[in-house]
Amino acid sequence: MKKVMGIETSCDETAVAIVTEDKQVLANLVLSQEEHRAFGGVVPEIAARAHLNHIDQLVKEALVKSGLGFKDLDAIAVTAGPGLIGGVLVGVMTAKAISAVHNVPLVAVNHLEGHALTVRLTEDVPFPYLLLLVSGGHCQLLIVEGAGKYQRLGTTLDDAAGEAFDKTAKLLGLGYPGGPAVEKMAKECVDPPRALKNFPLPTPLVGREGCDFSFSGLKTAVKRIVDGLPENIERRDAADICCSFQHSVAKVINDRTEQALKKYLSLCPQQKNPALVVAGGVAANQMLRQGLEELGVKYHIRFVAPPLTLCTDNAAMIAWAGMERLLLGMTDPLDFPVYPRWPLDPDAVAVKKH
Ligand code: KG4
Ligand code: ZN
């Protein structure tokens, strides 16, 4: 039974996990850095230093928790990008050191591939499936054909969905990370129709051709509303704005995903068990999940979302992506580089960033 250790340090989570070939998660340690709260966003240099302070201890703890030694590992998988390069380097140098000293094969994992394949750690989902990847840095629709094989159907033209949540939270003074705060506040809204009427927000690209996203107009619209309110926004208004905002995001994501679903079904007629999979931190949002579930029902296809703890950044997803690669013989040499940018589908046409 093969065992792979995963290391994730590309953003503000220092994480180490160990998974087995038969999908047991022996350890899954995630340390969310609190140091960034005061800044309302992740500060790259602070993140890199915090990773350095914690990574060795987490590696040790993961081994103790699994009852394993370095020699029991069949590979060590590490996020080699995309992400904040200082943090990525901390994880990669740690993995390379372990590999060199203990002679354990290395697997360089794309963070996005970690999100894309997580679902196969907890469920039997055959390739090809349609993936909606919605996180703080990414918003994409992809056909996942296998490890390293992706076809991008759509991406964001400006902000990622998580970024829009985070910026809205910041404008309303709800703190960081914004997604969970906005969702919690939206739940306080007692009259959603009133919220949508009093604080109408746009739904960019809805009804248009293609599967791309855009969220910057939504963010600007929230700012305009907030600017027109007194400095100390009433809690009721904040709840209504969050409710309206969440409705708009869900509507955009649903519309774009529906377009992609139609494309996926026509491009993959041979797939007898088609599935729509959601991944990334924003996938923790209940309203969003519900909308996607309804889409699955409408098109008679399976909708699958990984458990919440595996949706946000973690190392079990990196370990699992490493396992899928290891089983295909896809290991990497000790001198593999790190990638600040690393698209899953390098053939996809680049979008114009505003
Ligand atoms: O995948 P992730 O943990 O990190 C990367 O960006 O790679 O995603 C983090 C993003 C943040 O923008 C956070 O605000 C958002 O996911 N998020 C949510 C929720 N939980 C986390 N957005 C909406 N609703 C949530 N419940
Ligand atoms: Zn992520």
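A quick note: this is a predicted structure, and the numbers were derived from the prediction, not measured. (Residues numbered from 1 in each chain as written. Chains lettered and ligands numbered in written order. Predicted model: local features only at pLDDT ≥ 70, side-chain atom pairs only at ≥ 80, totals over all residues. Heavy atoms only, no water.)

## Side note on the domain arrangement of the protein
Annotation of the protein at the domain level lists domain 1 (3–119 + 309–327) and domain 2 (126–305). Using only C-alpha atoms to locate each centre, domain 1 and domain 2 end up separated by 27 Å. On the side of domain 2, 19 residues touch domain 1, which itself brings 17 residues to the contact. The junction of domain 1 with domain 2 conceals about 1,500 Å² of combined surface from both sides, 67% of it contributed by carbon and sulfur atoms. Per-residue buried area on domain 1 facing domain 2 is highest for Leu112, Val119 and Cys311; these three make up 34% of the total on that side. Our count for the domain 1 to domain 2 interface comes out at four residue pairs in polar contact (both at pLDDT 80 or more). Elements with a minimum of two residues in the side of domain 1 that touches domain 2: helix H3 (111–117) and helix H12 (316–327). (Domains from an automatic or database assignment. Contact = heavy atoms within 4.5 Å. Buried area = accessible area lost by both parts, 1.4 Å probe. Polar contact = N/O pair within 3.5 Å; in protein donor to acceptor, adjacent residues only side chain to side chain. Helix = DSSP H or I, 4+ residues; strand = E, 2+ residues; numbered from the N terminus.)

## Considering the packing of aromatic side chains
Under the criterion given, the structure shown has four aromatic pairs. Aromatic pair Phe127 and Tyr129: ring centres 5.8 Å apart, planes at 15°, arrangement stacked. Where Phe213 meets Phe215, the ring centres are 6.1 Å apart and the plane angle is 15°; that geometry is what we call stacked. Of the two residues, Phe213 and Phe215, neither departs from the other in class, the shared state being buried. Across the ring face of Phe336, the terminal group of Lys96 is positioned such that the distance to the ring centre comes to 4.5 Å. (Phe/Tyr/Trp six-rings, centres within 6.5 Å; stacked < 30°, edge-to-face > 60°. Buried < 20%, exposed > 50% of the residue type's maximum accessible area, 1.4 Å probe, protein only. Lys NZ or Arg CZ within 6 Å of the ring centre and 35° of its normal.)

## Quick look at the pairing of strand S3 (residues 25–32)
Two strands pair when backbone bridges link them, and strand S2 (residues 13–20) and S3 are joined in this way by seven bridges, in the antiparallel orientation. Bridge assignment links Glu13 to a residue of S3, and that residue is Ser32. Counting the residues in the hairpin turn of S2 and S3 gives four residues, including Lys23, whose phi is positive at 70°. (Pairing = 2+ DSSP bridges.)

## Details of the coordination of the zinc ion (ligand 2)
Ideal donor angles around a metal are set by the shape: a four-donor tetrahedron calls for 109.5 degrees, a six-donor octahedron for 90 or 180 degrees. For the zinc ion (ligand 2), the full set of protein donor atoms is His111 (NE2), His115 (NE2) and Asp313 (OD), and the range of their distances to it is 2.1 to 2.2 Å. Bound by four donor atoms, the zinc ion (ligand 2) shows angles of 94 to 149° at the metal and therefore irregular coordination geometry. Mapping the donors of the zinc ion (ligand 2) onto the primary sequence gives the spacing H-x3-H-x197-D. Taken together, the residues His111 and His115, both in helix H3 and four residues apart, mark about one turn of the helix. Among the residues examined, His115 registers a relative accessible area of 1% and is labelled buried. (Donors = N, O, S within 2.8 Å, 3.2 Å for Na, K, Ca; no water. Tetrahedral: all angles 85-135°; square planar, octahedral: opposite > 155°, others 65-115°.)

## Quick look at the site of ligand 1
As a matter of local geometry, ligand 1 sits amid 19 residues, with Gly136, Asp166, Gly179, Glu183 and Gly281 nearest to it. Contacts to ligand 1 include His115, whose side-chain N or O atom sits 3.3 Å from an oxygen atom. Gly179 has a polar backbone atom sitting 2.9 Å from an oxygen atom of ligand 1. Calculation on ligand 1 without its partners gives an accessible area of 560 Å², and the protein chains cover 89% of this total. When residues of the shell around ligand 1 are traced back to their parent elements, those giving at least two are H3, helix H5 (161–171) and helix H6 (178–187). Counting residues per element, the shell around ligand 1 draws most heavily on H6, which supplies four residues. Across the shell around ligand 1, the residue classes tally to four nonpolar, twelve polar and three charged. Per-domain counts for the shell around ligand 1 show at least three residues from each of domain 1 (3–119 + 309–327) and domain 2 (126–305). (Near = heavy atom within 4 Å. Areas by Shrake-Rupley, 256 points an atom, 1.4 Å probe, with all protein chains shown as cover. Nonpolar A, V, L, I, M, F, W, Y, C, P; charged D, E, K, R; others polar.)

## Observations concerning the pattern of salt bridges
All told, the structure shown has 13 salt bridges when counted by the stated rule. Close ionic contact of Asp159 with Lys167 constitutes a salt bridge, the shortest N to O distance being 3.6 Å. By relative accessible area, Lys167 is classed as partly exposed at 28%. Salt bridges sharing partners connect three or more residues here, namely Asp159, Glu163, Lys167 and Lys219. (Salt bridge = Lys/Arg side-chain N within 4 Å of Asp/Glu carboxyl O.)

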